[in-house]
Each structure stands twice: as structure tokens, then as C-alpha cells.
Amino acid sequence: MSILLDGKALSAEIKENLKVKVAEFEKNYGRKISLAVILVGENPASCVYVKNKIKAAEFVGIKSLSFSLPATATESEVEDLVKTLSVDNSVDGILVQLPLPKHLNEEKILSIIPAEKDVDGFTAENVGNTTLFKDGINSCTPAGIMYMLKSTGVSLSGKHAVIIGRSNIVGKPVALMLLRENCTVTICHSKTADLKAFAKQADILVVAIGKAKFVTADMVKDGAIVIDVGINRTENGLCGDVDFEGVKDKASFITPVPGGVGPMTIAMLMSNAYKCAYRREND
Ligand code: NAD
């Protein structure tokens, strides 16, 4: 029987602690921390994520500035908004909710965000810092995964971590963070031959592919720590990339979906917003 890694409870603790730090910041610097959130279009999942991020900001005492642009917004309209916020001294963090509508150049728009306001940790400079094992602004989902792994109290050093998925926002950065913790890391993806053979070797299995219940019990080693990043909307509601019911009796620790990695991502975003503001006052 596995232990549930309760991201909801853990993120609540992180946000409570942040609330105190944010209040101290306000007292010390005589201003509120502010986070600009840009939403382009009305993708229903994105609207929910943005709403949850704004709610979390309110909870910890961070002022959110919400910018909603229509799905028809042009590249230059979005770029101009990001540029304006970039030079606005009262703005500590800028978040562009992804995915952007297809006609917009996501990479170009993200590259305009200055690294010191990049609360998502997606800019080349922040990704570079993660790669160099420097303490920069790490991207939120991988940072949340690492926080959860550390919360188990299990030593990560020397463990074989297998990551399924190689996206820029989850798979690649979490691989680097696990490497920094002295794990031996294997990255699998859609072209990996005999994925099951790799998955079965994992002491730590991180799954981020976006395929409902893809990882089944026969792919998991007894006692593995299983982190399910996937969020899949099915007719029976939300589920992860791991067949939770089948795998839970094999894993030592496992994250649920919902209530696992998702809330941790938001807590890490708040923590990054605080970090950006603190650094802007102190660096
Ligand atoms: P993505 O869609 O950018 O990339 C998917 C990755 O999975 C690719 O690297 C691909 O090679 C790999 N893949 C796809 N099918 C595969 C297969 N059959 N076998 C092996 N590898 C396969 O993914 P993403 O943006 O990292 O998102 C992955 C999932 O995680 C999605 O469900 C997404 O909604 C979810 N997600 C959750 C959070 C969170 O906060 N909980 C954050 C980001 C993403």
C-alpha cells in the first residue's frame, strides 16, 4: 500500500508560509508584490488555471493584474503588452498563460519577458540557470515535483529516475533537477523503444505525457515513487497519466490527480513571484 503524496495539503502549507513572508515584504518595502497575468483567448482549461492562480495570489497577499485579450489579438498587440509590463517598475512578475492561440509565436512572446520577472521560469536565462544547477527561477511544475519528492524524506541520491515525456516545461527541466540531486536519469519519450523496460527500472517514475492512465501496474517496479503530472479530461472526469487504482498498491509513494502535482505548480508560482519581487528589491 502506498503513501499518498497530497499536493493539496503540501501546497496549502507552502502558501501559509508564503503569506507570512509576503506580509513581511510589504512591511519592509512599503508596497505589495504584483503579478501580471496575461490570458489570450478563452481556452476553458486556461481560464480555470488563470482563475486558480489569481485566487492563490489573493490568498498569499500578492496583487494580481489581470489582462484578458481576445483570441484574435495580434502578435504585436501581445508583444506590446508584455513589453509595457516588462518596463513597468510596479510589476514584479509576468505570466503568459499557455497555450497561446496558434497564430501567435509563443517562443518569441516568452522571450520578451525579462528573466527577473519570469515567474514561470521559461526564459532561456532561467532554463540555462536550471541547466547549470544555479539557483535561478525554476519552472513551477518541476519545482513542485522536486518539493514533493523531498517531502517523502527518501534520499534521492543514487536513485534511478525515469521520466516519461521530454517537454520544455516538465520532462526536460525535471530531469535536470533530478540530476542535480544526484539521481541517475533516463528520459523516455514517444520514440523510445521498449518504454516498459525503462519504466520498470525506475526508483522514481515521473510521467508527463498527457495520455489518460497510460502507465499501468505492470510498468512499475515494487516500491517506486510515482509522480503523475498528467491532466486528462475524460467523460469520467479528470485523471492522470497513471492508472492510479492499479499502481497504488505497488508504489511506495504516489501522487493523485487531481490534488497532486497541480496545486504544487501554483504554490511554486507564488513562491517564484515572491522570489522575483525580493530579488528586485535586493539585487
Ligand atoms: P507535451 O504535450 O508538451 O509533451 C508530451 C511529451 O510526452 C512529449 O515529450 C512526448 O514525446 C511524450 N509522449 C507522448 N506520447 C507518449 C508515449 N505514448 N510514450 C512516451 N512518451 C510519450 O507535454 P507537457 O506539456 O509536458 O504535458 C504533459 C501532461 O502534463 C499533460 O497532460 C499536461 O496537461 C500535464 N501538465 C500538468 C501540469 C500540472 O501542473 N499538473 C503542468 C504541465 C503539464
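Residues numbered from 1 in each chain as written. Predicted model: local features only at pLDDT ≥ 70, side-chain atom pairs only at ≥ 80, totals over all residues. Heavy atoms only, no water.

Chemist: Which parts of the structure should I look at to understand the site of the ligand?
Modeler: Neighbouring residues of the ligand: 20 residues in total, closest Arg166, Ser167, Ser190, Ile231 and Thr265. In this structure, an oxygen atom belonging to the ligand sits 2.8 Å away from a main-chain N or O atom of Arg166. A distance of 3.1 Å separates a nitrogen atom of the ligand from a polar atom in the side chain of Lys211. At three residues, helix 10 (residues 261-282) tops the list of elements feeding residues into the shell around the ligand. (Near = heavy atom within 4 Å. Polar contact = N/O pair within 3.5 Å; in protein donor to acceptor, adjacent residues only side chain to side chain. Helix = DSSP H or I, 4+ residues; strand = E, 2+ residues; numbered from the N terminus.)

Chemist: Hey, could you run me through the sheet that holds strand 11 (residues 253-254) in this one?
Modeler: Remark on secondary structure: sheet strands pair via backbone hydrogen bonds, oriented parallel or antiparallel. Here six strands make up an open sheet; going across it, the order is 1-11-8-7-5-6 and the pairing parallel. Bordering the open sheet on either side are strand 1 (3-4) and strand 6 (184-188), each of which pairs with just one other strand. Two strands pair when backbone bridges link them, and strand 7 (residues 204-207) and strand 8 (residues 225-228) are joined in this way by four bridges, in the parallel orientation. By the bridge assignment for strand 8, Leu205 is matched with Val226. Contacts from helix 7 (residues 171-180) reach strand 5 (160-164), strand 6 and strand 7, with the element oriented near 175° to strand 5. (Pairing = 2+ DSSP bridges. Contact = heavy atoms within 4.5 Å. Axes fitted to C-alpha atoms, helices over the stretch in contact; angles between N-to-C directions.)

Chemist: Explanation requested: the side chain of Asp118 in the structure shown.
Modeler: Residue placement: Asp118 occurs in the loop between helix 4 (106-112) and helix 5 (124-131). The charged side chain of Asp118 is buried without a salt bridge, its nearest counter-charge being Arg279 at 9.8 Å. Separated by 2.8 Å, the side chains of Asp118 and Asn126 make a polar contact. Those residues in contact with Asp118, other than ones at most four positions away along the chain, are Ile113, Thr123, Asn126, Ile137 and Cys276. (Buried < 20%, exposed > 50% of the residue type's maximum accessible area, 1.4 Å probe, protein only. Lys, Arg positive; Asp, Glu negative; His and termini not counted. Salt bridge = Lys/Arg side-chain N within 4 Å of Asp/Glu carboxyl O.)

Chemist: Please clarify how the state of the cysteines should be interpreted in this entry.
Modeler: Disulfide: a covalent bond connecting the sulfur atoms of a pair of cysteines. This structure, assessed with the given rule, holds zero disulfides. Of all cysteine sulfurs, the one in Cys188 lies closest to Cys183, which takes part in no disulfide; the gap is 15 Å. Here Cys183 falls in the buried class, since its relative accessible area comes to 5%. (Disulfide = S-S within 2.5 Å.)

Chemist: Looking at this structure, I do not really get the pattern of salt bridges. What am I missing?
Modeler: It is possible for side chains bearing opposite charge to pair when their charged atoms get close. With the rule as written, the count across this model stands at ten salt bridges. As a salt-bridge pair, Glu79 and Lys108 come within 3.1 Å of each other at their nearest N and O atoms. Highlighted residues: Glu79 in helix 3 (residues 75-87) and Lys108 in helix 4, separated in sequence by 29 residues. A relative accessible area of 8% means that Glu79 is categorised as buried. Residue class for Lys108 comes out partly exposed when judged on its relative accessible area of 42%. Where Asp135 meets Arg180, a salt bridge forms, and the shortest distance between an N and an O atom there is 3.1 Å. Taken together, the residues span a long stretch of sequence, with Asp135 in the loop between helix 5 and helix 6 (140-151) and Arg180 in helix 7 at a distance of 45 residues. The exposed category is assigned to Asp135, whose relative accessible area is 58%. By sharing partners, the salt bridges in this structure join Arg31, Asp92, Arg280 and Glu281 into a single network.

Chemist: So what exactly am I meant to see when it comes to the pairing of strand 7 here?
Modeler: When a strand is regular, its side chains alternate between the sheet's two faces. The two faces of strand 7 match: Ile204 and Val206 on one face and Leu205 and Val207 on the other face are all buried. As judged from the four bridges shared by strand 5 and strand 7, these two strands associate in the parallel manner. Bridging across to strand 7, Val162 finds its partner in Leu205.

Chemist: Would you explain helix 5 in this entry?
Modeler: Note on helix geometry: an α-helix contains 3.6 residues per turn, so any two residues three or four positions apart are oriented the same way. Within the span of helix 5, buried status applies to Asn126, Asn129 and Thr130. Buried residues of helix 5, seen end-on, are gathered within an arc of 100° and therefore sit on one face of the element. Turned more than 90 degrees from where helix 5 packs its buried face, Ala124 and Glu125 sit exposed. Buried residues belonging to helix 5 abut helix 7. Downstream of helix 5 by one or two residues, Phe133 has phi in the positive range, about 60°. (Arc of directions from axis to C-beta.)

Chemist: Help me out: how do you make sense of the packing of aromatic side chains in this one?
Modeler: Centre distance and the angle of the planes are the two values used to describe a pair of aromatic rings. Counted by the stated rule, this structure contains three aromatic pairs. Of note, Lys15 hangs over the ring of Phe59, and the distance from its end group to the ring centre comes to 6.0 Å. One residue, Lys19, lies across the ring of Phe59, its end atom 4.2 Å from the ring centre. (Phe/Tyr/Trp six-rings, centres within 6.5 Å; stacked < 30°, edge-to-face > 60°. Lys NZ or Arg CZ within 6 Å of the ring centre and 35° of its normal.)

Chemist: Mind showing me how you'd approach the nonpolar core here?
Modeler: Nonpolar side chains tend toward joint burial in soluble globular proteins. One finds Ile62, Ile145, Leu149, Leu178, Val206, Ile227 and Met270 to be the most contacted residues of the largest nonpolar core, which totals 52 residues. Among the elements that take part in this core, helix 10 stands out by supplying eleven residues, more than any other. If sequence neighbours within four positions are ignored, Ile62 has contacts with Val22, Ile33, Ser34, Leu35, Ala57, Met270 and Ala273. (Core = buried A, V, L, I, M, F, W, Y, C linked by side-chain atoms within 4.5 Å.)

None of this, on its own, says anything about what the molecule does.
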